[in-house]
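Residue-level structure breakdown
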Amino acid sequence: MIELQRVSVAYADGGRPAVREASLSISAGDFVALVGPSGSGKTSLLKTINRLIEPSGGTIRVEDRDVADFAAHELRRRIGYVFQGVGLFPHMSVRENIAITPSLLGWDREKIAARVDDVFDLIALPRDYLDRAPSALSGGERQRVAVARALAAEPRIVIMDEPFGALDPVTRDALGRAYRALHERMGLTTVMVTHDVQEAALLADRIVALRDGCIVADDTPRAMLSGAHPEVSDMFETPRRQAAAIADLAR
Amino acid sequence: MNAQLAAAFAVLPNYLSQHVLLSLSAIALGAVVSLPLAIWAARRPTLRWPLLAGTSLVQTIPALALLALFYPLLLAISGLTQELVGATTPALGFLPALLALALYAMLPIVRATISAISGIDAAIIEAADAVGMTSSQRLWRVELPLAAPSIVGGLRTAMVWTIGAATLATPVGQASLGNYIFSGLQTENWVFVLFGCAASVVVALLADQLLALVEAGAAKRDWKRAIAGAGGFALAVVATLAPAASVAPSAYVIGAKNFSEQFILADLMTLRLRAAGHSAEKREGLGSAVVFRALAANDIDAYVDYSGTLWTNLMHRTDNPPRERMLAELSDWLKKSSGVVMLGALGFENNFALAMKRERASELGIATIADLARAAPQLTFGTDLEFQSRPEWRSLRDAYDLRFREIISYNPTFMYRALDDGQVDVITAFSSDGRILAQNLVTLDDPKNAFPHYDAIVLIAPKRANDEKLRAALRPLVGAIGLERMRRANLEVDRDADKLTPRAAAEELGKETGLLK
Ligand SMILES: Nc1ncnc2c1ncn2[C@@H]1O[C@H](COP(=O)(O)OP(=O)(O)OP(=O)(O)O)[C@@H](O)[C@H]1O
Ligand SMILES: [Mg+2]
């Protein structure tokens, strides 16, 4: 479904590349979590998939076509994208924000309205929020709207950059699980960037760890947590230790 | 005072509608050109600097000069189109004013648009790309809506500037509220000057406030407010333009330079044409250099000029033949060089002259400049500010070997006062000036013909050369207006108390000379 071959990203000519020769193969239906410390190149790698960033080297194929062969806007309409920075349009209501990609695709009015209703139900917000401006929402509420917007055009691929970062742990957990259920039901292919390896481990089928722009490990959550990849043990040590400490306290 | 106000209000609908039409067209043209350029430049930083620099440069040219510069430019273009397709384009009036003001309106629109679009948060632009917008969808759905309040702000600034600058369209022959100001300044009619300023300020403020409503509405996405502002704006425009729409263009256009005598004579000619059943209007306040070329280019149909002016400035002659021969040669030359027809002389000259108080002149036994030369070493000479740099002064001085005890220059009003007070003994004057009459002055004869003759002559545009209706209406003016009568009419307009408008003075002059009933 998504094939990255030796993809590199360099922002400035001659500067240290943000991503170095990353190769990754994601099959239809996979749920992949991209983890790594801040600045390790997660966002940069993710954005090459929908061509928000043009790689400085390597090839990217989506649905068996080189992304360079797509008109950028057509590629992007097929891929739901959730920004790390949310990225709602301030001059449009929540409803208009969610409806944007379907309307760009030229769907008819009723179909758009029905679809907006459907995806809005997924994010569990009161219905009267639909007519609010994004500025009248809390940060977490905005993130949920951004998820709904990414799903609105019935994409088969969803890429998300810290989609639940601004949520409280309870909502975060609920929304994560709701999304995972949707992923199954709709047969999506999902790539989700997250700082939170615990979240990655609980939601994803597969975890890809980045460090300094290189993919350093790529395996199931179970294998990652069991210490099969010593080069990323520091990333997984902390949540394990915390979980043990919490368990101790609760005893 | 009340009569002045009434006279001002009487022409308000016409001036106002012309002013609004001009400002609005200029803004519209400026916006139509600026917006695409600015949008383009907002996306291509390399274009930004040249565009901003270019529009800023235009802004540094004084508006009056910019307007004036379009006249020769359009005249050249008109000559070109005449050669290429056999049709001329108008070089005077609406077109040059429109183009100059549109250029002038560009900077605020360009600047506001570029800074609004390039100031949009990069994350929002990225989001527009990420949801799959093409670059034109991004422009229409995201960038322009977000930039709209600032763009309306830029339009507001442009609107206020343009409405103010449109008052400067008068000298290129486009009527505007500036007509009050220009004619008022020339005739020292302060009621007119203030009226013109106040009217243009009111129009600018009103437009600004209505657009402010649109801007606030756009910023808050409060469409009711935006529509109220736009609706009010449209209504005000329609109301002021209604008189313009109902006026058919006049058959004849009479030109006038920018001083009282010219205003009066243009009014007199216009009134005569109307009395003969033709529609006619004035284009007044035209620059001295502009007016002849406007006539030669058929932008105006007739006006009064002075033989000596054309003799020296157009024919570049330095000799000084007698009056009749000068007129005959000038008439031939005009016909040959530009097809302009000299209908005839009105009967008075507006010469350079030297003037003295009547008692002082007779006390010293001075009747001619030759007499003056003998007494000059004991006398003080008052001039206006430019006289001493004119060629006329040099030839006068050399012809009579004039050597005054002292020469003092004044602005014209103070020069006449200084003569009255006895601070100076003799002054430079224009021979038809009303103050010669009012202050009981004598003008000294010029036996050596040092000053050229400045006969007031009626000129007719080439395309009207054989227009019998025009000729028949204007021919009776030839030889009908004597120097004393012209001085009186000028005085009626220029004096401080009981001022007449040029039109009232023209009516009176016409009645007394039998030219008007
Ligand atoms: N537009 C840019 N121009 C130059 N350098 C950039 C740009 N965006 C990111 N970088 C650099 O590239 C590297 C990778 O950044 P990236 O945003 O991919 O990190 P990340 O893993 O998403 O981090 P975080 O978890 O903090 O979001 C960083 O060193 C960053 O400073
Ligand atoms: Mg990131």
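From a predicted model like this one, the values you see are computed outputs, not experimental measurements.

Concerning the overall build of chain A
When you go through chain A residue by residue, the secondary structure sums to ten helices and ten strands. Whereas a compact globule of 251 residues would reach a radius of gyration of roughly 18 Å, chain A reaches 18 Å, a difference of no more than 12%. By its C-alpha atoms, chain A is 55 × 55 × 30 Å across when sized along the principal axes. Relative to its 251 residues, chain A shows a buried fraction of 51%. Restricting to contacts in chain A with at least 6 residues of sequence separation, those with at least 24 account for 65%. Within the structure as shown, chain A displays about 11,300 Å² of accessible surface, and the carbon and sulfur contribution to it stands at 49%. Each charge class in chain A was averaged separately, 31 positive and 35 negative side chains, and the resulting centres sit 1 Å apart.

What to know about the packing of helix H5 (residues 122–130) of chain B against helix H6 (residues 135–165) of chain B
Residue and element names in this part refer to chain B. For the pair H5 and H6, the least separation of the axes is 10 Å and the interaxial angle reads 160°. With respect to H6, the element H5 is oriented roughly antiparallel. Between H5 and H6 lies a crossing whose hand is right-handed. Contacts between H5 and H6 involve Ile124, Ile125, Ala128 and Asp129 from the first element and Arg138, Val142, Glu143 and Leu146 from the second. Taken together, the residues of the contact of H5 with H6 sort by class into five nonpolar, no polar and three charged.

Details of the site of ligand 1
Residue and element names in this part refer to chain A. What surrounds ligand 1 is a group of 13 residues, the closest being Ser38, Lys42, Thr43, Ser44 and His195. Lys42 places a side-chain nitrogen or oxygen 2.8 Å from an oxygen atom of ligand 1. The contact in question runs from an oxygen atom of ligand 1 to an N or O atom on the side chain of Ser44, over 2.5 Å. Protein burial of ligand 1: of its 630 Å² of free accessible surface, 60% is covered by the chains.

Thoughts on the nonpolar core
All names here are of chain B. In terms of nonpolar packing, the biggest core is built from 60 residues, with Leu354, Leu372, Leu396, Leu402 and Phe404 touching the most fellow members. Viewed by domain, this core spans two of them, domain 2 (252–350 + 453–513) and domain 3 (352–443), each represented by three or more residues. If near-sequence neighbours (up to four positions away) are discounted, Leu402 is found in contact with Ile369, Leu372, Ala373, Ala376, Trp393, Leu396 and Arg397.

So, the coordination of the magnesium ion (ligand 2)
All names here are of chain A. Surrounding the magnesium ion (ligand 2) are the protein donor atoms Thr43 (OG1) and Gln84 (OE1), at 1.9 to 2.4 Å. Of this pair, Thr43 sits in helix H1 (residues 42–49) while Gln84 sits in the loop between strand E6 (79–82) and helix H3 (94–98); the two residues are 41 residues apart in sequence, bridging distant segments of the chain. Take Thr43: its relative accessible area is 23%, and that puts it in the partly exposed class.

Criteria and thresholds
- Residues numbered from 1 in each chain as written.
- Chains lettered and ligands numbered in written order.
- Predicted model: local features only at pLDDT ≥ 70, side-chain atom pairs only at ≥ 80, totals over all residues.
- Heavy atoms only, no water.
- Helix = DSSP H or I, 4+ residues; strand = E, 2+ residues; numbered from the N terminus.
- Rg over C-alpha atoms; globule rule 2.2 N^0.38 Å.
- Buried < 20%, exposed > 50% of the residue type's maximum accessible area, 1.4 Å probe, protein only.
- Contact = heavy atoms within 4.5 Å.
- Areas by Shrake-Rupley, 256 points an atom, 1.4 Å probe, with all protein chains shown as cover.
- Lys, Arg positive; Asp, Glu negative; His and termini not counted.
- Charge placed at Lys NZ, Arg CZ, Asp CG, Glu CD.
- Axes fitted to C-alpha atoms, helices over the stretch in contact; angles between N-to-C directions.
- Parallel < 35°, antiparallel > 145°, perpendicular 65-115°, else oblique.
- Left-handed = near helix turned anticlockwise from the far one by under 90°.
- Nonpolar A, V, L, I, M, F, W, Y, C, P; charged D, E, K, R; others polar.
- Near = heavy atom within 4 Å.
- Polar contact = N/O pair within 3.5 Å; in protein donor to acceptor, adjacent residues only side chain to side chain.
- Core = buried A, V, L, I, M, F, W, Y, C linked by side-chain atoms within 4.5 Å.
- Domains from an automatic or database assignment.
- Donors = N, O, S within 2.8 Å, 3.2 Å for Na, K, Ca; no water.

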